[in-house]
Amino acid sequence: MELIGKKLAVTAAVLMAVGQLIGTGLKQYQDGQYEEAAKTFTTVITRYEDNPYTDDAYYWRARSLRRLYAIAERYEEQLPGRVLFIFRESKGNRNERDV
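For clarity, every value in this text was computed on a predicted model and none was experimentally measured. (Residues numbered from 1 in each chain as written. Predicted model: local features only at pLDDT ≥ 70, side-chain atom pairs only at ≥ 80, totals over all residues. Heavy atoms only, no water.)

K.L.:
Tell me what's going on with the overall build of the chain, and back it up with residues and numbers.
P.N.:
When its secondary structure is counted, the chain shows four helices and zero strands. Seen in sequence order, the chain has helices and strands lined up from the N terminus as α-α-α-α. Out of the 99 residues in the chain, the part that is buried amounts to 25%. For the chain, restricting intrachain contacts to residue pairs at least 6 apart in sequence, the fraction spanning at least 24 positions comes to 34%. Element-wise, carbon and sulfur atoms account for 54% of the exposed surface of the chain, whose accessible area totals about 7300 Å². (Helix = DSSP H or I, 4+ residues; strand = E, 2+ residues; numbered from the N terminus. Buried < 20%, exposed > 50% of the residue type's maximum accessible area, 1.4 Å probe, protein only. Contact = heavy atoms within 4.5 Å. Areas by Shrake-Rupley, 256 points an atom, 1.4 Å probe, with all protein chains shown as cover.)

See the structure below:
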C-alpha cells in the first residue's frame, strides 16, 4: 500500500511541475517572449514526455516558433540573408542565397 501512495505522490508532483511549466510558457508567449516560451514547452516535451499536457506543449511550442519565424521574416527585409539563415540552417535547407 505504501508503494501505491508513493507513486501517486510522485505523479501528483510531476503533474504540478508540468502544470507550472505550461503556465510559465503561456505567460512567456503572452508577453511576446517566444523563444523562451518555445524552450519552456520543449522542456515539458523532453523531460515529461508521458503526461496529459504533452500535446498542449507541442501545440504551444509550434505557435511560439511560428511567431519567431514571422518576426524573422520582417527583419529579413532589413538584413537580407542573415536572419532567416538561422531557421533554414536548423532545418538543413540552405540555399545559395543564404551563404
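K.L.:
Give me the lowdown on the side chain of threonine 54, citing residues and values where you can.
P.N.:
By the secondary structure assignment, threonine 54 is in helix H3 (residues 54–76). At 2.9 Å, the side chain of threonine 54 and the backbone oxygen of glutamate 49 are in polar contact. Excluding residues within four positions of it along the chain, threonine 54 makes contact with Ile45, Tyr48 and Glu49. (Polar contact = N/O pair within 3.5 Å; in protein donor to acceptor, adjacent residues only side chain to side chain.)

K.L.:
Could you give an account of the environment of threonine 43, with specific residues and numbers?
P.N.:
Examined against the element boundaries, threonine 43 turns out to sit in helix H2 (residues 34–47). A sequence separation of 22 residues divides threonine 43 from leucine 21, and the C-alpha atoms of the two residues are 8.2 Å apart. In this view, threonine 43 contacts Leu21 and Tyr48; residues no more than four positions away in its chain are not counted.

K.L.:
Residues and numbers for the pattern of salt bridges, please.
P.N.:
Using the criterion set out here, one finds three salt bridges in the structure. Here lysine 39 and glutamate 35 are joined by a salt bridge, their closest N and O atoms 3.8 Å apart. Residue lysine 39 and its partner glutamate 35 are both found in helix H2; the two are separated by four residues, about one turn of the helix. The partly exposed category is assigned to lysine 39, whose relative accessible area is 45%. Under the relative-accessibility criterion, glutamate 35 is labelled partly exposed at 45%. (Salt bridge = Lys/Arg side-chain N within 4 Å of Asp/Glu carboxyl O.)

K.L.:
Residue-level account of H2, with values.
P.N.:
For H2, spanning 14 residues, the distance from its first C-alpha to its last is 20 Å, which sits close to the expected 20 Å at 1.5 Å a residue. Those residues of H2 that sit buried are Tyr34, Ala37, Ala38, Thr40, Phe41, Val44 and Ile45. The arc enclosing the buried residues of H2, seen along the axis, measures out at 165°, which places them on a common side. Among the exposed residues of H2, those oriented more than 90 degrees off its buried face are Thr46 and Arg47. (Expected span 1.5 Å × (residues − 1). Arc of directions from axis to C-beta.)

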